[in-house]
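# Residue-level structural notes
Residues per chain, in single letters:
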Amino acid sequence: MKLVGYTLVAAAAAFAVPASAQTVFTTDFESGMPAEFSGQGTIESPGTLPTADFGQGHLYNDTTVTGPAGASVLTLSGLTPHDALSIEFDFLAWNSWDGSSQGFPQGDFFEVLLDGTLIASISPNNASGTLFVPGSATLIFDPAPYGFGDSSPFFDRDTVYRVTLGGLTHTAATAVFTFQVGGSGWQGGSDEAFGLDNIRVDAVSSAVPELSTWALLILGFGAIGGFLRRRERRPAYA
Ligand SMILES: [Ca+2]
Ligand SMILES: [Ca+2]
Ligand SMILES: [Ca+2]
């Protein structure tokens, strides 16, 4: 009986624990600007961009001088119940981003916020010739040395990063992701710009045990309880 009880509990626990992820938003900007997305940037094809095609088709491009006031915003509403969110996207750093620790004028930041809370701050360094790959991002494309208007790998280097931010605690039905650039060294315009592509948001929920699972759990604990009671009643031998 002991073995049966443990087996039932283990079986029920195995069904009760797993979390499930559901993709709640995705865009590659190939069909224009999604209704959930807004910002000062425009949808462009690589042919109109001041850089080489890296095989990603259309993308969102913002060459305006921006800051928090000019943020790009992704608003998701009507989300199914969830415990956490994760977001993944390609971040394109155009031209002479100067990083945050060297170069001139330094202090260029790309920031991501969820419901107003900062969840990532990335400061690529395209200008010094020494690439800095931020912690939460992976460099996936470095077309140097053919940045636009300059054949040097310095100053006009373009870089593309895959950014993955997971385990973002979140339960509300609406989520607002904000993408913004700025900082003490932000020059913007033709000097520094950014793009986005291949955005995907997943909602993660810890599975709630189903009725049959609860029945298994209760049955299992009951079996263990019965076993322990019988042990207690067993006469003690000296
Ligand atoms: Ca695309
Ligand atoms: Ca610059
Ligand atoms: Ca700068």
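Structural data are supplied above this passage.
These lines cover the structure that appears in this document, whether it is placed above or below. Keep in mind that this is a model prediction, so the values were computed, not measured. (Residues numbered from 1 in each chain as written. Chains lettered and ligands numbered in written order. Predicted model: local features only at pLDDT ≥ 70, side-chain atom pairs only at ≥ 80, totals over all residues. Heavy atoms only, no water.)

Attention now goes to the coordination of the calcium ion (ligand 2). Protein coordination at the calcium ion (ligand 2) comes from Ser96 (O), Ser96 (OG), Asp98 (OD), Gln187 (OE1), Asp191 (OD) and Glu192 (OE), with a distance range of 2.2 to 2.6 Å. Taken in chain order, the donor set of the calcium ion (ligand 2) reads S-x1-D-x88-Q-x3-D-E. A separation of 3.6 Å is found between the calcium ion (ligand 2) and the calcium ion (ligand 3), which are bridged by aspartate 98. One end of the pair, serine 96, is in the loop between β6 (84-95) and β7 (109-114); the other, glutamate 192, is in strand β12 (residues 192-206), with 96 residues separating them in the sequence. For the pair serine 96 and glutamate 192, a shared accessibility class is recorded, and that class is buried. (Donors = N, O, S within 2.8 Å, 3.2 Å for Na, K, Ca; no water. Helix = DSSP H or I, 4+ residues; strand = E, 2+ residues; numbered from the N terminus. Buried < 20%, exposed > 50% of the residue type's maximum accessible area, 1.4 Å probe, protein only.)

Here strand β5 (residues 72-76) shows a clear split, with Ser72, Leu74 and Leu76 buried on one side and none of Val73 and Thr75 buried on the other. Relative to β5, strand β2 (residues 37-38) is paired through two bridges, and the arrangement is antiparallel. Residue pairing for β5: phenylalanine 37 is matched across the bridge by leucine 74. Bridge analysis of β5 against strand β11 (residues 175-182) gives five bridges, and the strand direction is antiparallel. Looking at the pairing, leucine 74 lines up with phenylalanine 177 of β11. (Pairing = 2+ DSSP bridges.)

Across soluble globular proteins, nonpolar side chains have a tendency to be buried as a group. Judged by nonpolar contacts, the single largest core of 32 residues is most densely connected at Phe89, Phe91, Phe110, Phe177, Phe179 and Leu196. When residues of this core are traced back to their parent elements, those giving at least two are β5, β6, β7, β8 (117-122), β10 (159-169), β11 and β12. Once residues within four sequence positions are removed from consideration, phenylalanine 110 is found in contact with Phe89, Phe91, Trp97, Ala120, Ser121, Ile122, Phe179, Gln180, Val181, Phe194 and Leu196. In this structure, Leu59, Trp94, Val160 and Ala193 belong to the second largest nonpolar core, which totals five residues. (Core = buried A, V, L, I, M, F, W, Y, C linked by side-chain atoms within 4.5 Å. Contact = heavy atoms within 4.5 Å.)

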